[in-house]
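What follows is each chain in one-letter form.
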Amino acid sequence: MLLLAAAFLVAFVLLLYMVSPLISPKPLALPGAHVVVTGGSSGIGKCIAIECYKQGAFITLVARNEDKLLQAKKEIEKHSINDKQVVLCISVDVCQDYNQVENVIKQAQEKLGPVDMLVNCAGMSLSGKFEDLEVSTFERLMSINYLGSVYPSRAVITTMKERRVGRIVFVSSQAGQLGLFGFTAYSSSKFALRGLAEALQMEVKPYNVYVTVAYPPDTDTPGLAEENKTKPLETRLISETSSVCKPEQVAKQIVKDAIVVTMGLFRTIALFYLGSFDSIVRRCMMQKEKSEITDKTA
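As the structure is a prediction and not an experimental result, all values here were calculated from the model.

Asks: So what exactly am I meant to see when it comes to the nonpolar core here?
Replies: Side chains of a nonpolar character, in soluble globular proteins, are inclined to be buried together. Residues Leu30, Val35, Ile48, Cys52, Ile59, Leu61 and Met117 are the most contacted members of the largest nonpolar core, which totals 33 residues. Of all the elements in the fold, those that place two or more residues in this core are β1 (34-38), α2 (43-54), β2 (58-63), α3 (66-77), β4 (117-120), β5 (166-171) and α9 (247-260). Counting 30 residues, the second-largest nonpolar core is a separate cluster that includes Phe58, Leu112, Leu118 and Ala197.

Asks: Would you take a moment to explain the sheet that holds β5 for this structure?
Replies: Strand-to-strand pairing in sheets goes through backbone hydrogen bonds, with the strands running parallel or antiparallel. Pairing is parallel across the open sheet formed by six strands, whose spatial order is β3-β2-β1-β4-β5-β6. The open sheet has two free edges, formed respectively by β3 (87-91) and β6 (209-214), since each of these has just one partner strand. In this sheet, neighbouring strand axes are inclined to one another by 15° on average, regardless of whether the strands run parallel or antiparallel. Bridge count between β2 and β3: five bridges; the pairing is parallel. Bridge pairing in β3 places Val62 opposite Ile90. Seen against the sheet, helix α5 (residues 135-163) touches β1, β4, β5 and β6 and runs at an angle of roughly 170° to β4.

Asks: Sorry, what's going on with the pattern of salt bridges here?
Replies: Pairing between side chains of opposite charge can happen when their charged atoms approach one another. Evaluated as defined, the whole model comprises seven salt bridges. One salt bridge in this structure joins Lys229 and Glu226, with 2.9 Å as the shortest N-O distance. According to the relative accessible area criterion, Glu226 is partly exposed, its value standing at 47%. Across the pair Glu227 and Lys231 runs a salt bridge whose closest N-O atoms are separated by 3.2 Å.

Basis of the calculations
- Residues numbered from 1 in each chain as written.
- Predicted model: local features only at pLDDT ≥ 70, side-chain atom pairs only at ≥ 80, totals over all residues.
- Heavy atoms only, no water.
- Core = buried A, V, L, I, M, F, W, Y, C linked by side-chain atoms within 4.5 Å.
- Buried < 20%, exposed > 50% of the residue type's maximum accessible area, 1.4 Å probe, protein only.
- Helix = DSSP H or I, 4+ residues; strand = E, 2+ residues; numbered from the N terminus.
- Pairing = 2+ DSSP bridges.
- Axes fitted to C-alpha atoms, helices over the stretch in contact; angles between N-to-C directions.
- Contact = heavy atoms within 4.5 Å.
- Salt bridge = Lys/Arg side-chain N within 4 Å of Asp/Glu carboxyl O.

Honestly, it's all geometry; don't read function into it.
What follows is the structure, encoded as structure tokens:
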């Protein structure tokens, strides 16, 4: 019965991918398009910017660290396909002040034209057991991971609707599709993006503006290196059940999904892992209980 259900799920997913070209909007042409990438100074964001630049887009990079932005700009410019392309860098914290975010988006549009695609990649992860995390950690992650995507999206949406063209991408995580041990603060902030995206899509679809959500797995980025420093044992073991992806591969898939507006591949893959993750947590709990009993009887 379980095999039959799994086979049905796989067949359903394949059917969706076969049908999606028939019901999806016209793909967004990247040559000459203006693409804004938040969190674009490193990791997945930088690789997305490179992928779009390779296809002829004009890029606005948004991040906090100006030095990292300038370094990323140099790396991206190596991939130009014509001498008209431009990489604009803007240093701003996308989750602190909406008016400031709105102003920098206006500046970018004045220089490179209306935004055709916005990729919300700014974010961070902190892990730990629910009762061990400070309340401020929940507030911080919700601000960065959720409001850090709300503010830029709010700043571009009006123009996109007026022009009847646009793509907005929210980069979530597999932890935004499955609630994982140690990620009570992180998962909830990434889950919020899905609700925002689905509700927003209903509002803007009549205007030929489309919203997609990416659910990438663990990816070899500076952010993952920082995240690994605070992971509980159970979370580390869960992470080890899957290989770490290269940011270039993840970026290509995200850009592809955004252009043609498809359900993210990583979202479907995540559903197959939930049962094994629960088993890992149960085994860790049993081992801890045995260890405690041994310590008491020693």
